[in-house]
Amino acid sequence: MPISEYPQDLTTPLIVNPPNKATLTQSTSTTTTMDYSPKTQQPQKRYWRFSKQDFFPEPSFQNFSTYKTALSQTPTRLKNRLFCRSTETTELVELKKQSENEMKQCLTWWDLLWLGFGSVVGSGIFNITGQETRLHAGPAIVLSYAISGLSALLSVFCYTEFAVDIPIAGGSFSFLRVELGDFVAYIAAGNILLEAIVGAAGLGRSWTSYFASIINSDADFLRIKIDSFAEGFNLLDPLAVVILAVANGIAMTGTKRTSILNSVSSIVSAGVILFIVIVGFVHGKSSNLVPFFPFGAGGVFRAAAVVYWSYTGFDMVANMAEETKRPSRDIPLGLVSSMSVITVVYCLMALALTMMVKYTEVDVNAPYSVAFEGIGMNWAKYLVGICALKGMTTSMLVGSMGQSRYTTQIARAHMIPPWFALVHPKTGTPIYATLLTTITSCILALFTSLDVLSSVFSFSTLSIFMLMAVALLVRRYYVTDVTPKYDLAKFLLCLSIVIGSSIGATVLWSMDEKNWAGYTVTGALWLLGTLVMALLPKQRFPKVWGVPLVPWLPSLSIGMNIFLIGSLGKAAFYRFILCSAVMLIYYVLVGVHATYDMAHPDQQESVIEEGKESSNPVL
């Protein structure tokens with residue numbers, strides 16, 4: 001197949017035209033996928049192996065000469081990968097062969113519901129609530145949680161439609177690879193995987209601090225200080241390493257076993273949260289809610305951008321789609337119901353806190369513990385501490401499962417060595433991928449302080465959520481060789497207007513400009529772009545479950561996520577740019593050649609031959 005034709009190798013699902021206009025049709029574009037299965041029957045390989053062929057099996061890396069030949073073709077290969085998109089068949093069928101063994105389909109909607117609860121309800125609600133109530137929102141913190149919950153729920157809708165149609169372990173990586181292309185998926189995947197590893201290390205350090213504060217007033221009580229090390233890296237935290245290793249070790253033993261453990265602990269945690277809410281309402285005073293908006297609307301939105309992090313983690317549950325028994329039923333029920341319950345729980349907890357304590361007296365570091373002491377229930381602070389520790393533990397547990405599945409699909413695509421894609425035949429889990437994320441997060445947790453880790457956090461997660469909404473719109477409105485060029489041009493124009501107007505409104509807000517004329521213009525442009533997009537004919541409809549009110553809800557998700565990104569500060573942008581630059585170097589030197597070889601098996605022999613000729617020049 002000529003290189004120029006490869007970008008046309010897009011998905012070929014059924015295309016449904018608007019009712020009463022046309023019948024069900026199917027794309028006529030030709031899809032060519034690589035046959036990853038061996039040409040001859042091969043004996044079953046043992047799982048525990050370690051060879052160059054397992055890490056770099058592609059022809060471009062056979063020897064130094066073939067690698068030089070591949071590097072000389074970098075511009076052509078990079079151009080090809082920039083414009084190519086994967087297919088659903090490739091993600092669902094072909095790439096799974098790289099793992100050699102199947103992951104076990106053992107999860108139901110009930111498992112996903114509690115996996116979502118366990119991954120999201122961590123320490124954030126117990127720490128961030130006090131800070132944002134005291135400094136930015138006051139009693140209106142309940143509205144901040146509601147706004148962030150709505151934004152998270154919109155992202156859940158987008159994830160759910162993709163996960164139902166493409167139930168694969170790669171989650172957003174696979175979804176973006178199908179709709180927005182290989183390169184966008186790689187940059188997005190690299191950033192979110194980095195943030196997940198840093199987040200796991202941060203959770204480990206937080207666990208140690210919280211546990212130490214229960215038994216001693218010094219949060220560094222259990223850490224080892226090394227004076228010769230640089231500040232921020234001189235407090236070794238072996239306990240964080242232990243708790244991360246235990247959580248990841250449990251995740252490696254089996255998905256169902258881990259899910260059951262998470263469900264039991266999350267149900268117990270839900271009981272403790274119910275106790276906190278009931279006590280808060282019983283001992284609360286409505287007078288503490290006045291004034292409700294002490295910092296105005298600006299404070300509510302600033303707090304919403306911060307407390308949004310209390311909702312992150314559900315995307316890791318979407319990575320469990322490959323291990324779900326009935327994806328079309330279980331994923332919508334599990335994901336949507338868990339996020340809906342969590343939003344209500346967060347709002348009730350925030351309201352209970354502000355009713356128990358005047359917002360000016362809320363403790364920034366331990367809001368709930370101090371609030372219970374204020375009403376004479378000193379013993380309850382230990383209950384709150386245990387609940388927070390449990391939340392951090394299950395967040396690490398589910399995060400480990402999600403990160404390893406994410407890594408597995410990236411390895412299946414050969415963007416990192418395919419050795420990490422191997423699934424253990426007995427446990428049905430990707431042990432090598434889990435070990436990769438475990439070791440890296442443990443190293444970070446051992447040496448790096450929490451303030452340094454938090455400064456590394458970026459807008460990667462919000463960027464992924466925004467890209468997922470864009471990908472959903474692309475999925476609905478654009479199918480190669482089916483969508484007329486004129487309709488494609490109109491769709492791209494509308495999408496550009498939606499994104500541009502969202503950026504414009506965010507810039508005005510971040511500059512603290514009270515320019516209502518500017519907000520009116522950007523709002524009108526967003527409305528116009530979405531309205532015109534709604535009038536365009538859709539080229540694809542969801543097979544089983546879909547996001548309602550398309551394009552309105554995805555367009556709103558784009559706007560809200562861009563707005564929240566704009567609230568994160570310059571440091572987040574600098575980190576994203578720096579990390580993306582490092583990832584781009586790796587992609588140019590390794591990733592582009594490995595994925596190109598995978599997509600062009602017919603050119604493998606020629607690469608090897610060219611490498612041989614260049615290593616044996618004719619004199």
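Residues numbered from 1 in each chain as written. Predicted model: local features only at pLDDT ≥ 70, side-chain atom pairs only at ≥ 80, totals over all residues. Heavy atoms only, no water.

If you check an unreviewed UniProt entry, the protein appears there as Cationic amino acid transporter 8, vacuolar-like from Nicotiana tabacum. Regarding the protein, the relevant UniProt record gives this comment under Subcellular location (unreviewed entry): "Membrane". UniProt's Sequence similarities (unreviewed entry) comment on the protein is quoted here verbatim: "Belongs to the amino acid-polyamine-organocation (APC) superfamily. Cationic amino acid transporter (CAT) (TC 2.A.3.3) family." (UniProt positions renumbered as here; feature names shortened; annotations may be inferred.)

Draft legend 1. Spotlight on the overall build of the protein. For the protein, the count of helices and strands is 24 helices and four strands. Out of the 619 residues in the protein, the part that is buried amounts to 56%. A fraction of 85% describes how many contacts in the protein between residues 6 or more apart in sequence connect residues 24 or more apart. (Helix = DSSP H or I, 4+ residues; strand = E, 2+ residues; numbered from the N terminus. Buried < 20%, exposed > 50% of the residue type's maximum accessible area, 1.4 Å probe, protein only. Contact = heavy atoms within 4.5 Å.)

Draft legend 2. Looking closely at the packing of aromatic side chains. Summed over the entire model, instances satisfying the criterion amount to 37 aromatic pairs. For the pair Trp109 and Trp110, a centre-to-centre distance of 5.8 Å together with 90 degrees between the ring planes defines the contact as edge-to-face. For Trp109, a relative accessible area of 30% gives the class partly exposed. Linked through ring pairs, Tyr47, Trp48, Phe50, Phe55, Trp419, Phe420 and Tyr432 together constitute an aromatic cluster. (Phe/Tyr/Trp six-rings, centres within 6.5 Å; stacked < 30°, edge-to-face > 60°.)

Draft legend 3. Seen up close, empty space enclosed by the protein. With the rule as written, the count across this model stands at three cavities of 30 Å³ or more. Within this model, the second largest cavity holds a volume of roughly 40 Å³. Every residue along the wall of the second largest cavity is listed here: Tyr159, Gly171, Ser172, Ile192, Asp315, Met316, Asn319 and Tyr406. Tallied by class, residues from the lining of the second largest cavity come to four nonpolar, three polar and one charged. (1 Å grid on protein atoms, 1.4 Å probe; cavity = no way out; pocket = protein on both sides within 12 Å on 5 of 7 lines; lining within 4 Å. Points joined across faces, edges and corners; volume = space filled by probe spheres on them. Nonpolar A, V, L, I, M, F, W, Y, C, P; charged D, E, K, R; others polar.)

Draft legend 4. Inspection of helix α19 (residues 460–477) at higher detail. The terminal C-alpha atoms of α19 lie 26 Å apart, and with 18 residues this matches the ideal 26 Å at 1.5 Å per residue to within 8%. With 17 of its 18 residues buried, α19 lies for the most part within the structure. (Expected span 1.5 Å × (residues − 1).)

Draft legend 5. Structural detail: the packing of helix α10 (residues 238–253) against helix α16 (residues 380–412). Between α10 and α16, the least distance of the axes is 8 Å, while the angle of their chain directions is 55 degrees. Between α10 and α16, the interaxial angle falls into the category oblique. As α10 runs across α16, the sense of the crossing is right-handed. Seen from α10, the contacting residues are Ile243, Leu244, Ala247, Asn248, Ile250 and Ala251; seen from α16, they are Met396, Leu397, Ser400 and Met401. (Axes fitted to C-alpha atoms, helices over the stretch in contact; angles between N-to-C directions. Parallel < 35°, antiparallel > 145°, perpendicular 65-115°, else oblique. Left-handed = near helix turned anticlockwise from the far one by under 90°.)

Draft legend 6. Representation of the nonpolar core in the model. Core analysis: the largest hydrophobic core is formed by 144 residues, its most contacted members being Phe126, Tyr145, Tyr346, Met349 and Ile558. For Phe126, the contacting residues outside a window of four places in its chain are Tyr210, Ile276, Met349, Pro367, Tyr368, Val384, Cys387 and Ala388. (Core = buried A, V, L, I, M, F, W, Y, C linked by side-chain atoms within 4.5 Å.)

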